[in-house]
Amino acid sequence: MSVIVDKLYAITDKGPLRALSLVMSLVLAGCVFWKPGLFASSTSQLEVWHGIILIWAVCAGVIHGLGFRPHKSIWKAFFSPILAMIALAAGLFYFFS
């Protein structure tokens with residue numbers, strides 16, 4: 001399992017993908033600050049768990065984008081940049097659509 005996680009993490013351990021991850025994270029965080037009602041579960045179509053996923057994605061994107069490399073495979077799996085970028089793209093699509 002750890003070999004697979006390490007290989008998947010190595011795929012995204014490139015400068016351009018790190019920059020993309022950081023930019024997407026900062027833009028989505030800015031979108032949440034700009035229009036928090038659009039992301040709030042009581043005033044939007046989103047559920048509470050959507051917000052938790054978006055917060056996790058922003059955190060994982062910033063961690064990846066700033067160049068932090070977790071040593072243990074469990075943390076590489078938890079802060080998976082591939083999953084985070086998918087969630088970030090979905091959040092940005094929701095905001096700008």
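Residues numbered from 1 in each chain as written. Predicted model: local features only at pLDDT ≥ 70, side-chain atom pairs only at ≥ 80, totals over all residues. Heavy atoms only, no water.

Draft legend 1. Summary view of the overall build of the protein. The secondary structure content of the protein amounts to 6 helices and 0 strands. When the helices and strands of the protein are read in sequence order from the N terminus, they spell out α-α-α-α-α-α. Expected size for 97 residues packed as a compact globule is a radius of gyration near 13 Å; at 14 Å, the protein falls within 12% of this value. Projected onto its principal axes, the C-alpha coordinates of the protein cover approximately 40 × 25 × 20 Å. Intrachain contacts of the protein at a sequence separation of at least 6 include 77% that bridge at least 24 residues. Of the roughly 6200 Å² of accessible surface on the protein, a fraction of 77% belongs to carbon and sulfur atoms. (Helix = DSSP H or I, 4+ residues; strand = E, 2+ residues; numbered from the N terminus. Rg over C-alpha atoms; globule rule 2.2 N^0.38 Å. Contact = heavy atoms within 4.5 Å. Areas by Shrake-Rupley, 256 points an atom, 1.4 Å probe, with all protein chains shown as cover.)

Draft legend 2. Region of interest: the nonpolar core. Membership of the largest hydrophobic core comes to 16 residues, with the highest contact counts inside it found for Leu28, Phe39, Trp56 and Leu88. Those elements giving two or more residues to this core turn out to be helix H2 (15–34), helix H4 (48–65) and helix H6 (81–96). The residues touching Leu28, leaving out its near neighbours within four places in the chain, are Phe39, Leu54, Val58, Leu88, Gly91 and Leu92. (Core = buried A, V, L, I, M, F, W, Y, C linked by side-chain atoms within 4.5 Å. Buried < 20%, exposed > 50% of the residue type's maximum accessible area, 1.4 Å probe, protein only.)

Draft legend 3. Focus on H6. The end-to-end C-alpha separation of H6 is 22 Å, in line with the 22 Å expected for 16 residues at 1.5 Å each. In this fold, the buried residues of H6 make contact with helix H1 (2–11), H2, helix H3 (36–39) and H4. (Expected span 1.5 Å × (residues − 1).)

Draft legend 4. Representation of the side chain of Arg18. Note on placement: Arg18 falls in helix H2. A relative accessible area of 7% means that Arg18 is categorised as buried. For Arg18, the side chain forms a polar contact with the main-chain oxygen of His64, separated by 2.3 Å. Excluding its chain neighbours within four sequence positions, the residues that come into contact with Arg18 are Tyr9, Thr12, Asp13, Ile63, His64, Gly65, Gly67, Phe68 and Arg69. (Polar contact = N/O pair within 3.5 Å; in protein donor to acceptor, adjacent residues only side chain to side chain.)

Draft legend 5. How the structure looks around the UniProt feature "transmembrane region" (unreviewed entry) in the protein. In the numbering used here, UniProt assigns the feature "transmembrane region" (unreviewed entry) to residues 17–36, 48–66 and 78–96. The straight-line gap between the two end C-alpha atoms of residues 17–36 is 27 Å; of that span, 95% is helix and 0% is strand. The span residues 48–66 is 95% helix and 0% strand, and its two end C-alpha atoms sit 27 Å from each other. (UniProt positions renumbered as here; feature names shortened; annotations may be inferred.)

Draft legend 6. Just the side chain of Ser21, in detail. Take Ser21: it is sitting in helix H2. Within the structure, the side chain of Ser21 is placed 3.1 Å from the backbone oxygen of Gly61, a separation counted as a polar contact. Each residue touching Ser21, except ones within four places of it in the same chain, is listed here: Gly61, His64, Gly65, Met85 and Leu88.

Draft legend 7. Summary view of the packing of aromatic side chains. Summed over the entire model, instances satisfying the criterion amount to 6 aromatic pairs. Judged by centre distance (6.0 Å) and plane angle (5°), the ring pair of Phe39 and Phe95 falls under stacked. With a gap of 56 residues between them, Phe39 in helix H3 and Phe95 in helix H6 connect regions that are remote in the sequence. With relative accessibility at 9%, the residue Phe39 sits in the buried group. (Phe/Tyr/Trp six-rings, centres within 6.5 Å; stacked < 30°, edge-to-face > 60°.)

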